[in-house]
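Breakdown of the fold
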2 protein chains.
Amino acid sequence: MKLIIVGGVAGGASAATRARRLSEDAEIIVFERGPDVSFANCGLPYYVGGEIAERSKLLVTTPQRLRARFRLDVRVNTSVESIDRAARRVRVREVTSGREYEEAYDRLILAPGAAPLRPPIPGVDLPNVFTLRNLADVDRIKARVDQGVRQAVVVGAGFIGLELVENFVKRGIETTVVELQNQVLPPFDAEMTTPIVEALHRRGVRVLLGESAEAFEDSPEGVTVKLKSSGRLTAQLVILGVGVRPESRLAADAGLEIGPRGGIRVNDRMRTSDPDIYAVGDAVEIKDAVTGDPAQIPLAGPANRQGRIAADNVFGRDVRYRGTQGTAIVGVFNLTAAMTGASEKSLRRGNRPYRKVYVHPAHHAGYYPGAEPMTLKIVFDPVSGKLLGAQAVGGAGVDKRIDVLAVAIQAGMTVFDLEEMELAYAPQFGSAKDPVNMAGFVAAGLLRGDHPQLDVETVLATAEPDRPYLLDVRTAQEFAAGCIPGAVNIPVEELRERLGELPRGRDIAAYCQVGQRGYVATRMLRQHGFPASNIGGGYQTYRLFHPHATTVTPSSR
Amino acid sequence: MKLIIVGGVAGGASAATRARRLSEDAEIIVFERGPDVSFANCGLPYYVGGEIAERSKLLVTTPQRLRARFRLDVRVNTSVESIDRAARRVRVREVTSGREYEEAYDRLILAPGAAPLRPPIPGVDLPNVFTLRNLADVDRIKARVDQGVRQAVVVGAGFIGLELVENFVKRGIETTVVELQNQVLPPFDAEMTTPIVEALHRRGVRVLLGESAEAFEDSPEGVTVKLKSSGRLTAQLVILGVGVRPESRLAADAGLEIGPRGGIRVNDRMRTSDPDIYAVGDAVEIKDAVTGDPAQIPLAGPANRQGRIAADNVFGRDVRYRGTQGTAIVGVFNLTAAMTGASEKSLRRGNRPYRKVYVHPAHHAGYYPGAEPMTLKIVFDPVSGKLLGAQAVGGAGVDKRIDVLAVAIQAGMTVFDLEEMELAYAPQFGSAKDPVNMAGFVAAGLLRGDHPQLDVETVLATAEPDRPYLLDVRTAQEFAAGCIPGAVNIPVEELRERLGELPRGRDIAAYCQVGQRGYVATRMLRQHGFPASNIGGGYQTYRLFHPHATTVTPSSR
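Residues numbered from 1 in each chain as written. Chains lettered and ligands numbered in written order. Predicted model: local features only at pLDDT ≥ 70, side-chain atom pairs only at ≥ 80, totals over all residues.

Here we look at the overall build of chain A
Along the backbone of chain A there are 17 helices and 31 strands. Over its C-alpha atoms, taken along the principal directions, chain A stretches across nearly 90 × 60 × 45 Å. In chain A, which comprises 557 residues, the share counted as buried stands at 55%. Of the contacts made within chain A by residues no fewer than 6 positions apart, 63% connect residues no fewer than 24 positions apart. (Helix = DSSP H or I, 4+ residues; strand = E, 2+ residues; numbered from the N terminus. Buried ≥ 20, exposed ≤ 12 C-beta atoms within 10 Å, placed from the backbone. Contact = placed C-beta atoms within 7 Å.)

Brief notes about the interface of chain B and chain A
Listed by partner, the interface residues are 66 residues for chain B and 65 residues for chain A. If you list the elements that add at least two residues to the side of chain B that touches chain A, you get helix H1 (10-22), helix H3 (63-70), helix H8 (300-314), strand S22 (328-332), helix H10 (398-410), helix H11 (415-420), helix H15 (492-495) and helix H16 (516-527) of chain B. The element that contributes the greatest number of residues to the side of chain B that touches chain A is H10(B), accounting for 9 residues. Here the side of chain B that touches chain A is composed, by residue class, of 36 nonpolar, 12 polar and 18 charged. (Nonpolar A, V, L, I, M, F, W, Y, C, P; charged D, E, K, R; others polar.)

Some thoughts on the sheet that holds strand S27 (residues 453-454) of chain A
Residues and elements named next belong to chain A. Ordered by their spatial adjacency, 5 strands build an open sheet running S27-S31-S30-S28-S29, and the pairing between neighbours is parallel. Every other strand in the sheet has two partners, leaving S27 and strand S29 (488-489) as the edge strands with one partner each. The pairing of S27 with strand S31 (residues 532-535) spans 2 bridges and is parallel. The residue bridging Leu 454 from the neighbouring strand is Ile 535, located in S31. Where helix H16 (residues 516-527) meets the sheet, its contacts fall on strand S30 (508-511) and S31, and the angle it forms with S31 comes to roughly 175°. (Pairing = 2+ DSSP bridges. Axes fitted to C-alpha atoms, helices over the stretch in contact; angles between N-to-C directions.)

Re the domain arrangement of chain A
All names here are of chain A. For chain A, the assigned domains are domain 1 (2-115 + 245-314), domain 2 (129-242), domain 3 (334-448) and domain 4 (453-545). Here domain 3 and domain 4 have C-alpha centroids that lie 23 Å from each other. Listed as interface residues are 7 residues of domain 3 and, on the opposing side, 8 residues of domain 4. At the level of secondary structure, the elements contributing two or more residues to the side of domain 3 that touches domain 4 comprise strand S24 (355-359) and helix H12 (435-448). With 3 residues, the single largest contributor to the side of domain 3 that touches domain 4 is S24. (Domains from an automatic or database assignment.)

Considerations on helix H8 (residues 300-314) of chain A
Residue and element names in this part refer to chain A. The end-to-end C-alpha distance of H8 is 21 Å, a good match for the 21 Å that 15 residues give at a rise of 1.5 Å each. In terms of residue burial, H8 counts as a mostly covered element, since 15 of its 15 residues are buried. Backbone geometry just after H8 places Gly 316 at a positive phi near 85°. (Expected span 1.5 Å × (residues − 1).)

A word on the relation of the copies chain B and chain A
Think of it as a corkscrew move, a rotation about one axis and a shift along it, taking one chain copy to the other. Note on the identical chains: chain B maps onto chain A by a rotation of 180° and an axial translation of 0.0 Å, with an RMSD of 0.0 Å. Such a combination of turn and shift is consistent with a two-fold rotation axis. Looking at chain B, 98% of its interface residues are interface residues in chain A too, so the copies touch through the same face. (Least-squares fit on C-alpha atoms with pLDDT ≥ 70 in both.)

Observations regarding the packing of helix H10 (residues 398-410) of chain A against H10(B)
Put simply, H10(A) and H10(B) touch, their axes get as near as 9 Å, and they point 20° apart. Judged by the angle between their axes, H10(A) and H10(B) are roughly parallel. Crossing geometry of H10(A) relative to H10(B) is assigned as right-handed. Across from Asp399(A), Lys400(A), Asp403(A), Val404(A), Val407(A) and Ala408(A) in H10(A), the residues of H10(B) making contact are Asp399(B), Lys400(B), Asp403(B), Val404(B), Val407(B) and Ala408(B). (Parallel < 35°, antiparallel > 145°, perpendicular 65-115°, else oblique. Left-handed = near helix turned anticlockwise from the far one by under 90°.)

Concerning the sheet that holds strand S28 (residues 469-472) of chain B
Residue and element names in this part refer to chain B. The parallel open sheet is built from 5 strands, whose spatial order is S27-S31-S30-S28-S29. The sheet is open, and its two borders are formed by strand S27 (453-454) and strand S29 (488-489), each paired with just one other strand. As paired elements, S28 and S29 share 2 bridges and run parallel to each other. Looking across to S29, one finds that Asp 472 is bridged to Asn 489.

Notes on the pairing of strand S12 (residues 206-209) of chain A
Residue and element names in this part refer to chain A. Here 4 bridges tie strand S11 (residues 174-179) to S12, and the two strands are oriented parallel to one another. Following the sheet pairing, Val 177 is matched in S12 by Val 207. A crossover connection joins S11 to the parallel S12 through helix H6 (residues 194-202); in handedness this β-α-β unit is right-handed. (Right-handed = clockwise from strand over helix to strand, strands pointing away.)

What to know about H10(A)
A rise of 1.5 Å per residue sets the reference length of H10(A), with its 13 residues, at 18 Å; its end C-alpha atoms lie 18 Å apart and thus fit the reference within 8%. H10(A) sits mainly inside the fold: 13 of its 13 residues count as buried.

A few points about the nonpolar core
As a rule of thumb, soluble globular proteins bury nonpolar side chains together. Within the largest apolar cluster, 372 residues are counted, with the highest numbers of intra-cluster contacts made by Leu110(A), Val238(A), Leu110(B) and Val238(B). Setting aside its immediate chain neighbours within four residues, Val238(A) contacts Asn128(A), Val129(A), Phe130(A), Val153(A), Val155(A), Phe216(A), Val223(A) and Val225(A). (Core = buried A, V, L, I, M, F, W, Y, C linked by C-beta atoms within 7 Å.)

Section: unusual backbone geometry
Residue and element names in this part refer to chain A. Cis geometry is found at the peptide bond from Glu 464 to Pro 465, where omega equals 5°. Within the secondary structure, Pro 465 sits in the loop between helix H13 (456-461) and strand S28 (469-472). One non-glycine residue, Arg 71, lies in the positive phi region at around 45°. Position of Arg 71 relative to the elements: it lies in the loop between helix H3 (63-70) and strand S3 (73-75). The backbone of Ser 230 sits at a positive phi, close to 80°, despite the residue not being glycine. When you line up the elements, Ser 230 lands in the loop between strand S14 (222-227) and strand S15 (232-235). Looking at Ser 230, the number of C-beta atoms within 10 Å reads 7, which means it is exposed.

In structure tokens form, the structure reads like this:
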């Protein structure tokens, strides 16, 4: 067996080492266009910021070690130019010498990755406009920063974009982020990104949403970024982080099937339309594990798994890839945002039915010092309660809850299973009722009919006179500090005695700070014959949707 | 409906508030013998140490709030003395006044908890010998510490015992822990507690294992603790943390069924042998969710869930308790130990077949600063691969992995599912191949036959000449710094060239530092016709079993 692997980073390196473990005899050649294999892609922004101090740390392994330990024939700085599928040969070019030659294969695994998009904007090729993909890129960016940069513009507020923003700020650079969409971190639901935007503001980052760069121009101070809104930004460093494009040209030129998003099409064994050719990683179209739809999700973990599975199949094993959930996480200053499975907006886009709940718990017992707040949102099937997705934003412990929920999605669990989860509790690690349990309680209460809930957006989108009576059951002080416009305040503790103040025959939307007292009030009111519901997640969820709402004088008590 | 609840802490308080949410009309009385309801049981040691500075933080809720918000009739300092099941009445006594009266019920929920054991040792009632259960206890202990304590002895190295040890050390107290078993944290497998013992030693704690207190005697310096070994310890403060006893006397006196471990017997609706009486929390015998065996597992999370389920059933809902997994966690200085599901020793005790693997990964990407090591052990069914239990010890991220594995156990997942888990990865949170994935790879490789493994205890228990040839595939430096006695060193990178040095026809047990290179070597050797296996978890697992092993001069080259 002669196996050729194109690309030596995440998926390619995993495929190569797995292949060797499966076969001592196989001839295994890895062609990597760049000078490095298996580098720490996800660490690059932290090398710019200095958090990762030594460049050598970014080299997860070296061609030498792959040769010594796995007897892999690793050829770096070597680009695969074309595939002759009929002859089962690839044509390769040594990048430095320009020498070209052919190499035959029995099986081929393509792991070329994805390249940062460089939109055809005037001035995109100016020397101070960068994209970030590999060590060569990071060397250039870091050199530029080390020379001294006062102002930076990051175009695109995705994961890598915001990681770079954080690291630029740590380097003392005045940073502006420009994002075409009306939110940062586009894979997330917009309201979940509100705390991230607030954190960026607190650290002095200028965040321009619904905005784009129209042109870059050389200027005495570096680059001028001309914005669509006709504004202008000055910077000595511009990063384009507007997404990636699967590197599928080689595959397409060879006549392999390509999906509509440009990814190489593979089956669940990671095999392309040519039975001798497999493809893995950021370059392939995968199946979304939750919706079953084809998708393009560039992530390191899935790339590694796919590499392993491709190698297994090359050596005759029947191993299938189950799809990608899209579990992803990003740290932005002291906040963490993480998600897994479907977002609300992706479900809406796909016209899939769902319900959602929000909880706003602390990451560990509130009585132990250092509890950090988080917002956790889950989306689930309105009939079966099957968990479809989860997002969280907050401080410590966000990663844990999203991992727990990622496993729940993998297992096909329902919100009723979340109620029963037995998670580790000591006061510095969690709560006897963990945030995940809390989300389960709220969601299961909704589906059982015990806890009717309204989404705050729906309530506010309903015009008078159809809008329900808004009942704020918090304390008078909380109410005075800010409420949903039009709400009337009766603290839950007084509610039983003040039922006579409530209108009869009108829907009531109760709410409190996070949803718990609103739930108690809702239970109470319904048992007293009022058609009441709770506004899910309470005032804190309202604030996610209306971050700039100011304190409103209550219309009446 | 008139519902009486005996006990107002975790399970009782949960039952009471759930009951109110289910019924506005019900008359609900909560009798609590102590002065407080729903206090932060698990926070008590940290109040002694000063980590939790304000006593008021320990009061999770108050009788006043339960009255106002939930219209509960909470009667503290009131002890339930007897149950007249035929008449459906309880006899209660007001602790302070001594006044007794009767109260009728339609349904009764018992949530009396468990009491610390006070073994009948001479001197156990001396004023400086304490147990810790409630706020009154913690007030006494803290007052004693505040007066000045030079030396403390903690009898029992369980969870609360070690939490107190840590907090005493933080208060500058010279602390000795005395444990009857040959390990600390008895629910864990012994080898997994090695790092905890080492951490205790590093902080100056004297750890006496296989030791017990035989008597306590008044002395001018406080108390003298006489040990079984005939040693003596001097202390001004002694804590007995040798376990708890379910408070089932009330139930037993009323003729309710009691299990062999002293717990009140309930069905999966938390109903006792009397259909009008339910019982929840530390006082009941539950079903072990993994083995199905009856068990006694006092934990706050399960108590809360049981309270909720009992209330549901009281109000006619068919809700079942699925059993307790025993997910538990403890912080000891900068280390964390956590477990879920079955331990190896419990499986062995039950004669249940299992296999196990160890991995020793970092809690996040090694290239990002601050990665902390952990040891993760999983036990699983040798045929199906179904996950039966997990334990971890290390620094940050231990809680996360045990929670993830707790969900996997709840879902009935196998080690093959662990391979596929898609967990959140950015370098400060995890790795592209998470520790949980790694454990899955190693376990699945074992079951598929790709990765034959030997347990280090088994290898070392095998006498020559049946013992396999021990092959250390680490570097010469690693080998020189310490190896398994009798091992021969050939680094994995040189192995293909030095196959001729290996014996033919003899089993080979390869090992490296953590298991990864040993696996590569095993794959290589087997394909070259050697009957090789890998020692699971490598030298680091060996060190868990042999913490005091010193560097051994290799027997040959």
